[in-house]
Amino acid sequence: MGRKLRVGSRDSLLAVKQTKQIICQIQQHYPKLEIELITMKTTGDKILQKSLDKIGGKGLFVKELDDALLEDKVDITVHSLKDMPMEVNTQLPLIAYSKRGDPRDVLVLPEQSSYSLVQDRIGTSSQRRKIQLQKLYHNPQFALARGNIITRLKKLDDGEYSALILAAAGLQRTGLSHRISRFFSTKEVIPSAGQAILAIQGRKEDDLSFLKTINNIDSQRMAEAEREFVTVLNGGCSSPIAAYAEIAGTQLKLTGLYCDEQHYLIEEQIGSVEQARQIGEQLAHKIKQKK
C-alpha cells in the first residue's frame with residue numbers, strides 16, 4: 001500500500017456516510033494520511049424486485065467490493081456488518097470494528113398516517129423481522145421492501161406501505177431520526193447479528209495493523225459471539241435467526257432466536273467476554289438440542 005489509503009464503499013447515502021465516519025476516525029489518528037473514497041454499486045443494490053434469499057443472499061452486497069480488494073483497486077472496504085455473509089474470504093479478513101450504534105429496529109410511518117393502519121401492509125424483506133412482528137401485531141400483512149433508505153421512505157410516503165421496519169442506526173446516521181415513530185426493544189425484536197456495527201475489511205498480505213487504533217474491542221467481541229451463533233446454526237439470509245450480545249463488565253450475554261416451521265426458540269448464554277466465540281457456539285448447540 002502506498003501513501004494514499006483507498007477506501008471502498010457502496011454508493012448509497014447510508015453507506016457513504018458510514019464510510020466517511022470511519023475515514024474521519026482514521027484521519028484523527030493519522031492526519032497526514034491521504035485518503036480517497038471510491039464508491040461502487042453492488043449487485044444487491046441493483047436487483048430490488050426480489051428478496052435477498054431468492055437472488056443469492058448477503059454476498060451480493062459485498063461481491064464488487066471484494067473484487068475491488070482482490071484486484072488492488074482499493075486498500076480497505078467498509079461494510080454494515082449485518083449485510084456481510086457469515087463466511088468471509090480468508091484472503092480478505094475483517095481488520096477492525098466500529099463502536100456499535102443503536103442496535104434496535106424501529107417502526108416508521110408515512111408522514112401523513114393513522115397509527116391504526118400500521119399492520120395493513122408492513123414493508124420489510126426480512127424473515128427475522130416478520131416472524132417477530134407476528135408476535136407483536138395481530139395478523140400483520142407484509143410487503144417486499146428493498147432499496148436504499150430514501151427509496152423506501154418515498155414509497156412509504158407515496159402509499160405503497162402502511163409502515164416500514166428499519167434499523168435505527170441507519171436512520172440516525174443519515175440524519176433521519178425524526179422519521180422514527182417507535183423503537184422496538186431488543187427483547188421485542190431481537191436484532192440481526194452485527195446490526196449497527198461497521199466492519200473494515202482488507203487484504204491478508206497487507207500490513208493494516210495501524211487500523212487497530214480505531215478498533216472497538218467490545219464491538220469485536222459482540223460481533224464474534226453473534227456471528228459464531230449464526231454460523232454454527234447454518235443460518236443464511238433466508239433463515240429467521242437473530243442474535244444480540246450485551247457486555248457488562250467482564251461478562252457477555254448473548255440472546256439468540258431460531259425459528260422454523262416447528263420451532264420458535266429464544267435462548268440466552270452468559271460467559272466471559274474473552275470467550276465470545278465459544279459463547280456463540282454454546283448457544284447454537286443449546287438451541288440445536290431443542291430442535
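Okay, so let's go over this structure.

Thresholds applied
Residues numbered from 1 in each chain as written. Predicted model: local features only at pLDDT ≥ 70, side-chain atom pairs only at ≥ 80, totals over all residues. Heavy atoms only, no water. Helix = DSSP H or I, 4+ residues; strand = E, 2+ residues; numbered from the N terminus. Contact = heavy atoms within 4.5 Å. Core = buried A, V, L, I, M, F, W, Y, C linked by side-chain atoms within 4.5 Å. Buried < 20%, exposed > 50% of the residue type's maximum accessible area, 1.4 Å probe, protein only. Salt bridge = Lys/Arg side-chain N within 4 Å of Asp/Glu carboxyl O.

1. Details of the side chain of D66
Mapped onto the secondary structure, D66 falls in helix α4 (residues 63-70). Residues contacting D66, with those up to four places away along its chain left out, are L92 and Q201.

2. Details of the nonpolar core
Counting 20 residues, the largest nonpolar core has F229, L233, L252 and L254 as its most contacted members. Contributions of two or more residues to this core are made by α8 (217-232), β11 (241-248), β12 (251-259) and α9 (276-288). Among residues more than four places away in sequence, those in contact with L233 are I241, Y258, A284, I287 and K288. Counting residues in hydrophobic clusters, the runner-up holds 16 residues, among them I76, A96, I200 and L211.

3. Details of the pattern of salt bridges
Counted under the stated rule, the structure contains 25 salt bridges. Here R104 ties to D102 by a salt bridge, and the two come within 2.8 Å at their closest N and O atoms. Since its relative accessible area comes to 29%, R104 is described here as partly exposed. Between D105 and R128 there is a salt bridge, with its nearest N and O atoms 2.9 Å apart. In this pair, D105 is assigned in strand β5 (residues 105-108) and R128 in helix α5 (residues 127-136), connecting sequence segments 23 residues apart. Note on accessibility: D105 and R128 belong to one class, buried.

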